[in-house]
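# Coordinates in review
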Amino acid sequence: MNAINAIVAFDNAMNELVMDEARGNIFLVGMMGAGKTTIGRLLAGFLKKTFYDSDREIQKRTGVSIPLIFEIEGEAGFRKRETEMLSELVKTRNIVLATGGGAVLSAQNREMLKQSGTVIYLRATVDDLWRRTRQDKNRPLLQTQDPRTKLLELYGQRDPLYQETAHIIVESGKRSARHLAQLLAQQLACSR
Ligand SMILES: Nc1ncnc2c1ncn2[C@@H]1O[C@H](COP(=O)(O)OP(=O)(O)O)[C@@H](O)[C@H]1O
Ligand SMILES: O=C(O)C1=C[C@@H](OP(=O)(O)O)[C@@H](O)[C@H](O)C1
Ligand SMILES: [Mg+2]
């Protein structure tokens with residue numbers, strides 16, 4: 001093998017190594033109530049990866065709740081913080097990251113997630129999402145007169161974006177969060 005071929009082979013090997021490392025990251029996307037935070041934490045435990053939740057990291061950094069950020073800075077201010085936090089977290093290695101339900105609204109975020117690891121879309125019906133979120137007052141976008149209709153509207157806007165961003169789509173259906181996390185851990189362990 002001459003010197004040029006040797007350099008090309010080395011570069012290819014390094015790229016594969018970097019991609020392997022990036023592939024080591026798992027990002028969960030999906031609507032509010034899809035189970036990203038719950039399943040993400042369980043999945044990280046099964047796979048011995050570090051778990052992050054972008055909302056929780058934003059709250060830790062700002063010292064205030066997501067609803068208060070929405071109140072003070074508006075959704076635009078929250079989205080700016082969300083992109084900044086995602087940009088930092090995707091550079092971490094060997095993690096499971098639960099994104100917020102609106103992360104896919106930004107093309108920059110979609111590209112960043114797709115390029116930095118394995119993106120899993122936890123897909124659920126609006127009925128399931130509504131059942132799982134209706135008691136939770138920590139989701140500003142659902143504090144409306146008719147939160148179920150809001151979920152339906154957001155689902156219509158975002159389902160195509162989740163599908164565009166995901167490498168794997170999982171129908172949440174009637175399985176429990178733990179069962180879904182176990183199934184995902186088995187599927188991901190086999191694909192290594
Ligand atoms: N597959 C599931 N089956 C039943 N309940 C679930 C499932 N996944 C999540 N939940 C419940 O739904 C609620 C929202 O889950 P959460 O992880 O906060 O979703 P997200 O982070 O996607 O908004 C929690 O009470 C959680 O226990
Ligand atoms: O769907 C959305 O736009 C949002 C989802 C929330 O995260 P969860 O999906 O974990 O509820 C949080 O990021 C914020 O309230 C906005
Ligand atoms: Mg969450």
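This write-up is about the structure you can find in this document. (Residues numbered from 1 in each chain as written. Chains lettered and ligands numbered in written order. Predicted model: local features only at pLDDT ≥ 70, side-chain atom pairs only at ≥ 80, totals over all residues. Heavy atoms only, no water.)

### What about the packing of helix α2 (residues 36–47) against helix α8 (residues 177–190)?
One way to put it is that α2 packs onto α8 with a least axis distance of 9 Å and a crossing angle of 45 degrees. In terms of their interaxial angle, α2 and α8 are classed as oblique. The element α2 and its partner α8 pack so that their crossing is right-handed. Of the residues in α8, those in contact with Thr 38, Ile 39, Leu 42, Leu 43, Phe 46 and Leu 47 of α2 are Ala 177, Arg 178, Leu 180, Ala 181, Gln 182, Leu 184, Ala 185 and Leu 188. Split into classes, the residues belonging to the contact of α2 with α8 amount to eleven nonpolar, two polar and one charged. (Axes fitted to C-alpha atoms, helices over the stretch in contact; angles between N-to-C directions. Helix = DSSP H or I, 4+ residues; strand = E, 2+ residues; numbered from the N terminus. Parallel < 35°, antiparallel > 145°, perpendicular 65-115°, else oblique. Left-handed = near helix turned anticlockwise from the far one by under 90°. Contact = heavy atoms within 4.5 Å. Nonpolar A, V, L, I, M, F, W, Y, C, P; charged D, E, K, R; others polar.)

### Side note on the site of ligand 1
Around ligand 1 sit 15 residues in total, of which Gly 33, Lys 36, Thr 37, Thr 38 and Arg 139 are the nearest. Thr 37 places a polar side-chain atom, nitrogen or oxygen, 2.9 Å from an oxygen atom of ligand 1. One nitrogen or oxygen atom from the main chain of Arg 175 is found 3.0 Å from a nitrogen atom belonging to ligand 1. Here ligand 1 has 560 Å² of accessible area as a free molecule, and 71% of this is covered by the chains. Elements supplying a minimum of two residues to the shell around ligand 1: α2 and α8. Per element, the largest residue contribution to the shell around ligand 1 is three residues, and it comes from α2. (Near = heavy atom within 4 Å. Polar contact = N/O pair within 3.5 Å; in protein donor to acceptor, adjacent residues only side chain to side chain. Areas by Shrake-Rupley, 256 points an atom, 1.4 Å probe, with all protein chains shown as cover.)

### Observations regarding the sheet that holds strand β3 (residues 95–98)
With respect to topology, five strands assemble into an open sheet ordered β2-β3-β1-β4-β5, the strand pairing being parallel. Two strands bound the open sheet, and with one partner strand each, they are β2 (50–53) and β5 (168–171). Taking each pair of neighbouring strands and ignoring which way they run, the sheet shows an average axis angle of 20 degrees. In the packing of helix α3 (residues 54–62) onto the sheet, the strands contacted are β2 and β3, and the crossing angle to β2 comes to about 70 degrees. (Pairing = 2+ DSSP bridges.)

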